Amino acid sequence: MPIRTRKKKSKVYTRLGPFTVPTLSVGASVTLVAPESPSGGSWEFVSSDDYIVNVTGNQATAVDDGAVTIPAIQQAWGSYDEAHATDFLLIGPAQSTPVLGPLTIPNKQLCDVSFTIVAPTSASTGAWTFTSSNPMVISISGGNVGQVNGAGTCVITATQAAVGSWSEASTTCNVTVTPRTNTLGAFTIPNKEVGVSFDITPPTSASTGAWTFTSSNPMVMSIVGRRATTLAAGGVTVTANQAAHQCYSAGTANASLTISMVTNTVGGFSVPDKTLCTPDFLLSPPVSNSSGLWSYTSSDTSVITVSGAYGHVVAPGTCVLTATQAATAQYPQTVASDTVTVTAKPNNVSPELSIPGTKSVGDPPFTLTHPTSLSTGAWTYSSSDPNVIAVTGA
């Protein structure tokens, strides 16, 4: 126990605080710290045996083992009397530093269970303490139990206390904590047609992290949240991103698909055969699911010409009329055709050509009267035997 003494003088008694000198072993040094005092008097430190502890100023060095007292003497100052405080030391023999084996702690993953830190091998029996340079990564409780708290790297320090002839010793180990790898299942999206909306199903995952989805070509397929809408034909890749969450790292998966035009079912395209002098006729398009504009062409404009959606008969013959529906964002171009024959109208001549009366050789020439006819075509006449009746002129 510290021993406090004072010299009896006619001055004020100086009440000192405790004076303690740390335990020393041979060869060790320490800086002496004076006890608390209300006086401003100067301090002097001495040793009861300089062969055991040598004191120079406020530095004490253990020279040999044994027992010694170290008085701290404060000189009188002002109205304060001189004061003494003493501590007793037992100096042990010089200590050796134990050679420590390696401190080995495997790297960890997030959500790993708590683990016991195994102290390194040592010839000393001093008590072990363990500390972490970053408790946000690994904290230590219960003396030697590590708890994983977050991703990162920290340094675990194992310190063995001094005991007997062994001094304090320590060693370290770096430990890295990483997120668990997020292994995603297959991510597939079937091919789609233009104009379809659907919800994207993410791949399977052990993590519960939030999903986000992006389209490589928003002009082909747009995505809002998990809702995808096909807008045009083409290829597109959908990327599914899962955010890091708790134990698991972030994950990414891609799915490629083809957006195609919608199959357009077109009804029949039929144009009745025509005869000459038929008025211009309107071409009616086939029934179609598409809203694309229709256009028409003729394979032989010497038979039928086309203007807009109207056909015009030119001459007898056969041609192919083709109806083409323009592509839209949803439907491809569609083509339908029909073969049309143009014939001349039948000319019903009535009555038949007749020559009144019986003719005799030498009768004067007579005029032939043509039958009635719907046509305005010019008439010509011929005789099967010019030696009986000869025909001249029209």
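Residues numbered from 1 in each chain as written. Predicted model: local features only at pLDDT ≥ 70, side-chain atom pairs only at ≥ 80, totals over all residues. Heavy atoms only, no water.

Draft legend 1. Representation of the overall build of the protein chain within the structure. Assigned secondary structure in the protein chain consists of 0 helices and 28 strands. For a compact globule of 394 residues, the expected C-alpha radius of gyration is about 21 Å, and the protein chain comes in at 59 Å, more than 25% above that figure. When its C-alpha atoms are laid out on the principal axes, the protein chain stretches across 195 × 50 × 30 Å. The buried share among the 394 residues of the protein chain stands at 32%. At a minimum sequence separation of 6, the contacts of the protein chain that also span at least 24 residues come to 55%. Of the roughly 22,800 Å² of accessible surface on the protein chain, 54% is carried by carbon and sulfur atoms. Mean positive and mean negative side-chain charge positions of the protein chain (15 and 20 charges, respectively) differ by 17 Å. (Helix = DSSP H or I, 4+ residues; strand = E, 2+ residues; numbered from the N terminus. Rg over C-alpha atoms; globule rule 2.2 N^0.38 Å. Buried < 20%, exposed > 50% of the residue type's maximum accessible area, 1.4 Å probe, protein only. Contact = heavy atoms within 4.5 Å. Areas by Shrake-Rupley, 256 points an atom, 1.4 Å probe, with all protein chains shown as cover. Lys, Arg positive; Asp, Glu negative; His and termini not counted. Charge placed at Lys NZ, Arg CZ, Asp CG, Glu CD.)

Draft legend 2. Representation of the side chain of Glu82. Within the secondary structure, Glu82 is located in the loop between β6 (66–74) and β7 (83–91). A polar contact of 2.9 Å, which involves the side chain of Glu82, links it to the side chain of His84. (Polar contact = N/O pair within 3.5 Å; in protein donor to acceptor, adjacent residues only side chain to side chain.)

Draft legend 3. Looking closely at the state of the cysteines. All told, the structure shown has 1 disulfide when counted by the stated rule. Cys111 shares a disulfide with Cys247; S-S distance 1.3 Å. Sign of the S-S torsion, about -80° for the bond between Cys111 and Cys247, identifies this disulfide as left-handed. Linking Cys111 in the loop between β8 (108–109) and β9 (115–116) with Cys247 in the loop between β20 (234–242) and β21 (251–260), this pair joins segments that are 136 residues apart in sequence. (Disulfide = S-S within 2.5 Å.)

Draft legend 4. Up close: the layout of surface pockets. Reported here for the largest pocket is a volume of approximately 580 Å³. Phe366, Leu368, Ile389, Ala390 and Val391 are, among the 23 residues lining the largest pocket, the residues nearest its centre. (1 Å grid on protein atoms, 1.4 Å probe; cavity = no way out; pocket = protein on both sides within 12 Å on 5 of 7 lines; lining within 4 Å. Points joined across faces, edges and corners; volume = space filled by probe spheres on them.)

Draft legend 5. The arrangement of the sheet that holds strand β19 (residues 227–230) in detail. Strands sit in the order β16-β19-β18 across an open sheet of 3 strands; the sheet is antiparallel. At either margin of the open sheet sits one strand with a lone partner, and together these are β16 (197–199) and β18 (221–224). Going from strand to strand, the sheet's axes swing by 25° on average, the running direction of each strand aside. (Pairing = 2+ DSSP bridges. Axes fitted to C-alpha atoms, helices over the stretch in contact; angles between N-to-C directions.)

Draft legend 6. Local environment of the sheet that holds strand β13 (residues 152–160). A sheet is described by the order of its strands in space; here 4 strands give the open sequence β8-β14-β13-β10, paired in mixed fashion. In this open sheet, the two edge strands, each paired with only one partner strand, are β8 and β10 (128–132). In this structure, β8 lies alongside strand β14 (residues 169–178), joined through 2 bridges in parallel fashion. Residue pairing across strands places Lys108 opposite Val177, the latter belonging to β14.

Draft legend 7. View of the side chain of Ser215. Note that Ser215 resides in strand β17 (residues 211–215). For Ser215, a relative accessible area of 18% corresponds to the buried category. At a separation of 3.2 Å, a polar atom in the side chain of Ser215 contacts the main-chain amide nitrogen of Asn217. Of the polar contacts made by the side chain of Ser215, one reaches the backbone oxygen of Met221; its length is 2.7 Å. Apart from residues no more than four positions distant in its own chain, Ser215 is found in contact with Met221, Ile223, Val236 and Thr237.

Draft legend 8. Region of the structure containing unusual backbone geometry. The residue Gln246 is not glycine, and still its phi comes out positive at about 50°. By secondary structure assignment, the location of Gln246 is in the loop between β20 and β21. What makes Gln246 exposed here is its relative accessible area of 64%. In this structure, Cys277 takes a positive phi of about 75° despite not being glycine. Mapped onto the fold, Cys277 is located in the loop between β22 (274–275) and β23 (281–282).

Draft legend 9. Spatial organisation of a nonpolar patch on the surface. Judged by side-chain polarity, Ile355, Phe366, Val388, Ile389 and Val391 come together as a nonpolar surface patch covering roughly 380 Å² of accessible area. Mapping Val391 onto the fold places it in the segment after β28 (334–343). (Patch = residues over 30% accessible without salt bridge, like charges linked within 9 Å, V, L, I, M, F, W, Y side chains within 5 Å. Salt bridge = Lys/Arg side-chain N within 4 Å of Asp/Glu carboxyl O.)

Draft legend 10. Structural context of the environment of Ser284. Position of Ser284 relative to the elements: it lies in the loop between β23 and β24 (294–298). As for Ser284 and Phe269, which are separated by 15 residues in sequence, their C-alpha atoms are 7.8 Å apart.

Draft legend 11. Examining the packing of aromatic side chains more closely. Counted according to the given criterion, the structure contains 5 aromatic pairs. Summarising the aromatic geometry, the rings of Trp128 and Phe130 are spaced 6.3 Å apart at their centres and angled 15° between planes, so their arrangement reads as stacked. In this structure Trp128 comes out as partly exposed when scored by relative accessible area, which is 23%. With a relative accessible area of 10%, Phe130 lands in the buried category. (Phe/Tyr/Trp six-rings, centres within 6.5 Å; stacked < 30°, edge-to-face > 60°.)

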